Amino acid sequence: MVNTNSPLIDLHRHLLGSISKDLLCNQISKYASTPLQKLLTPTQHEFLERTSYGRDLLSSFGKAESAPDIFQKFRSLLEFLQSYVAVSSLIRTEDDFAALVSEVLEEAAQEKLHYVELTISPTLYTGKGIPLEFILETLTNAKSSSSIMAQWLLDPMRNKGAEHAEALLQQILSISPDAFSGVSLAGDEESVPISQFRPYFELAKAHGLGTTAHVGERLTSKELELALELPLDRIGHGIAAVHSPIAHEVLMTKDIPLEICPSSNQQTGQISSLDTHPLVTLYNVGVPIIINTDDPFFFNTTIVEELSFASRLIGDEAVEEIKKNTQRYTFAG
Ligand SMILES: [Zn+2]
């Protein structure tokens, strides 16, 4: 049983992936009469048409009665990404973005989180015409008015490339240097090699920002070993470390924690069942781990549920120790 009296902390949680069901229903109704061609770019439309699930998503636009459950019914990483694209197309204006930010923080407060780090991909919204300045101002204001402690992490989106990542961070630092407390890197691990992002992570470190990257989410350890040569404070997922004694050594020596997200790994098909999650081996070997939700809406979970999964595998005492250790890995400054 998870002790909810000691502070609940989630360091790997995405803004869009934390959308509330109420807000999602609102957005579906709001854009019900907008043609699909206006909601999705041709590339996004084609991406959704690739699977029968994606085609179901396309036909669900404008039908509030089929939502929001359909967005949680993916069965693979590809289908999860299709669902993510579909939901992201429903946040289109400054008002939509402001509502998303305030509702996500409100839900985190209701979840009784003591502290949360939320990763945001500004390009998802600037691409629809929302000014970067508005996004940064909204994030900064929300942080100071929120009833819980929250910090923002930047995700420039890996598939957009390393030059984009560095340029976006540079631009953000020139507009609002305190908007983000750290940087992340999410997206398809096979799109661009992690080593190309060294200048991006070095720029972040030079400005005192924390650094993390999604790597080793799939069970192949090559990208993870390359990532460990970069200036990273934490690793997003990193379950591939289970196959790499080299990674164990580096993670332990440098005290780099893996941001483990059990439900995410299961529901995107990276592991066959929660009972066989690599976190057991990683914990027993001595690799630092922390427990997180990733995308609580899409995986229909909470931080207490994720901690409970971990408790069933490694015991209450171990999870309590992990919760205590998590505080020292934050990017709060
Ligand atoms: Zn993630």
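The rules behind the values
Per chain, residues are indexed from 1 in the order of the written sequence. Only residues with pLDDT of 70 or above have their local features reported here, since the model is predicted, and side-chain atom pairs are shown and tallied only from 80 upward, although totals for entire chains, interfaces and linings are computed over all residues. Helix numbering and strand numbering both begin at the N terminus, where a helix is a DSSP run of H or I of at least 4 residues and a strand a DSSP run of E of at least 2. Both definitions apply: the radius of gyration is a C-alpha atom measure, and the globule rule equals 2.2 Å times residues to the power 0.38. Between the buried cut of 20 or more and the exposed cut of 12 or fewer other C-beta atoms within 10 Å of a residue's own C-beta lies the partly exposed class, and all C-beta atoms are placed from the backbone. Axis definition: a line fit to C-alpha positions, over the contact stretch in the case of helices; interaxial angles, taken between N-to-C directions, run 0 to 180 degrees. Should an angle lie under 35 degrees it is considered roughly parallel, over 145 roughly antiparallel, and from 65 to 115 roughly perpendicular; all remaining angles are considered oblique. Each residue gets a C-beta atom placed from its backbone, and two residues are in contact if those atoms lie within 7 Å. Any residue that is not Ala, Val, Leu, Ile, Met, Phe, Trp, Tyr, Cys, Pro, Asp, Glu, Lys or Arg is counted as polar, Gly included; the first ten are nonpolar and the last four charged. The hand of a helix crossing depends on one turn: near helix anticlockwise from the far one by less than a right angle means left-handed, and clockwise means right-handed. Domain extents, as shown, originate in an automatic or database domain assignment. Criterion used throughout: strands pair if DSSP finds at least two bridges between them. Seen with its strands pointing away from the viewer, a crossover is right-handed if its path from the first strand over the helix to the second goes clockwise. Each helix should span, by expectation, one fewer than its residue count multiplied by 1.5 Å. To count as a nonpolar core, a set of buried Ala, Val, Leu, Ile, Met, Phe, Trp, Tyr and Cys residues must be joined through C-beta atoms within 7 Å. Read the arc as the range of directions from the helix axis to the C-beta atoms.

Caption draft 1: Fine view of the overall build of the protein. Check the secondary structure of the protein and you find 16 helices and eight strands. Relative to a compact globule of 333 residues, whose C-alpha radius of gyration would be 20 Å, the protein shows 19 Å and is just as compact. Overall, the C-alpha framework of the protein stretches about 55 × 45 × 40 Å when taken along its three principal axes. Looking at the protein as a whole, 47% of its 333 residues are labelled buried.

Caption draft 2: Structural detail: the packing of helix H15 (residues 303-314) against helix H16 (residues 316-326). Close contact between H15 and H16 brings their axes to 7 Å; oriented N to C, the two are set at 130°. In terms of their interaxial angle, H15 and H16 are classed as oblique. Here H15 contributes Leu-307, Ala-310, Ser-311 and Ile-314 to the contact with H16, which in turn contributes Asp-316, Ala-318 and Val-319. A per-class count over the contact of H15 with H16 returns five nonpolar, one polar and one charged.

Caption draft 3: Molecular detail of the packing of helix H4 (residues 52-60) against helix H5 (residues 77-88). In contact at an axis separation of 9 Å, H4 and H5 are set at 15° when each is read in the N-to-C sense. Regarding the angle of H4 to H5, the classification is roughly parallel. Taken as a pair, H4 and H5 cross one another with a handedness that is right-handed. Contact with H4, carried on its side by Tyr-53, Gly-54 and Leu-57, involves Glu-79, Gln-82, Ser-83 and Ala-86 of H5 and no other residues of that element. In terms of residue class, the contact of H4 with H5 is made up of three nonpolar, three polar and one charged.

Caption draft 4: View of the domain arrangement of the protein. Partitioning the protein into structural domains gives domain 1 (9-20 + 92-329) and domain 2 (32-88). A C-alpha centroid distance of 24 Å is found between domain 1 and domain 2. Listed per partner, the contact involves seven residues of domain 1 and 10 residues of domain 2. By residue class, the composition of the side of domain 1 that touches domain 2 is four nonpolar, three polar and no charged.

Caption draft 5: Layout of the environment of Val-304. Mapped onto the fold, Val-304 is located in helix H15. As a C-alpha pair, Val-304 and Ile-291 span 13 residues in sequence and 9.7 Å in three-dimensional space. Those residues in contact with Val-304, other than ones at most four positions away along the chain, are Val-2, Thr-4 and Leu-8.

Caption draft 6: Spotlight on the sheet that holds strand S3 (residues 149-154). Taken in spatial order, the eight strands line up as S1-S2-S3-S4-S5-S6-S7-S8 in an open sheet, and their pairing is parallel. Unpaired on one side and paired on the other, strand S1 (9-14) and strand S8 (289-291) mark the two borders of the sheet.

Caption draft 7: Spotlight on the pairing of S3. Counting buried residues along S3, five of its six residues qualify, which places the element largely inside the surrounding structure. Sheet topology places strand S2 (residues 115-120) next to S3; six bridges connect them, and they run parallel. Following the sheet pairing, Glu-117 is matched in S3 by Gln-151. Of the pairings in the sheet, the one linking S3 to strand S4 (residues 182-183) comprises two bridges and is parallel in character. In the sheet register, Leu-153 faces S4, and the bridge partner there is Gly-182. For the crossover that starts at S3, traverses helix H9 (residues 162-175) and ends in the parallel S4, the hand is right-handed.

Caption draft 8: Geometry of the pairing of S1. Counting buried residues along S1, six of its six residues qualify, which places the element largely inside the surrounding structure. By the bridge criterion, four bridges tie S1 to S2 in an arrangement that is parallel. Counterpart to Asp-10 in the pairing with S2 is Val-116.

Caption draft 9: View of H15. For H15, with 12 residues, the first-to-last C-alpha span of 16 Å sits near the 16 Å given by 1.5 Å per residue. Gly-315 lies just past H15 and shows a positive phi near 95°.

Caption draft 10: Here's a closer look at unusual backbone geometry. One non-glycine residue with positive phi stands out, namely His-237, at about 70°. The residue Asp-255 is not glycine, and still its phi comes out positive at about 55°. Relative to the elements of secondary structure, Asp-255 occurs in the loop between helix H12 (245-254) and strand S7 (258-260). The exposure class assigned to Asp-255 is exposed, which follows from the 11 C-beta atoms found within 10 Å.

Caption draft 11: Molecular detail of the nonpolar core. Counting residues in hydrophobic clusters, the biggest one holds 89 residues, and the most contacted among them are Ala-241 and Ile-289. When residues of this core are assigned to their parent elements, the largest contribution, six residues, is made by helix H6 (residues 94-110). Looking at this core, you find at least three residues from each of domain 1 (9-20 + 92-329) and domain 2 (32-88).

Caption draft 12: Spotlight on helix H1 (residues 21-30). Listing the buried residues of H1 in full gives Leu-23, Leu-24, Gln-27 and Ile-28. Along the long axis of H1, the arc covered by the buried residues comes to 140°, so they all point the same way. In this structure, the buried residues of H1 make contact with H5 and H6.

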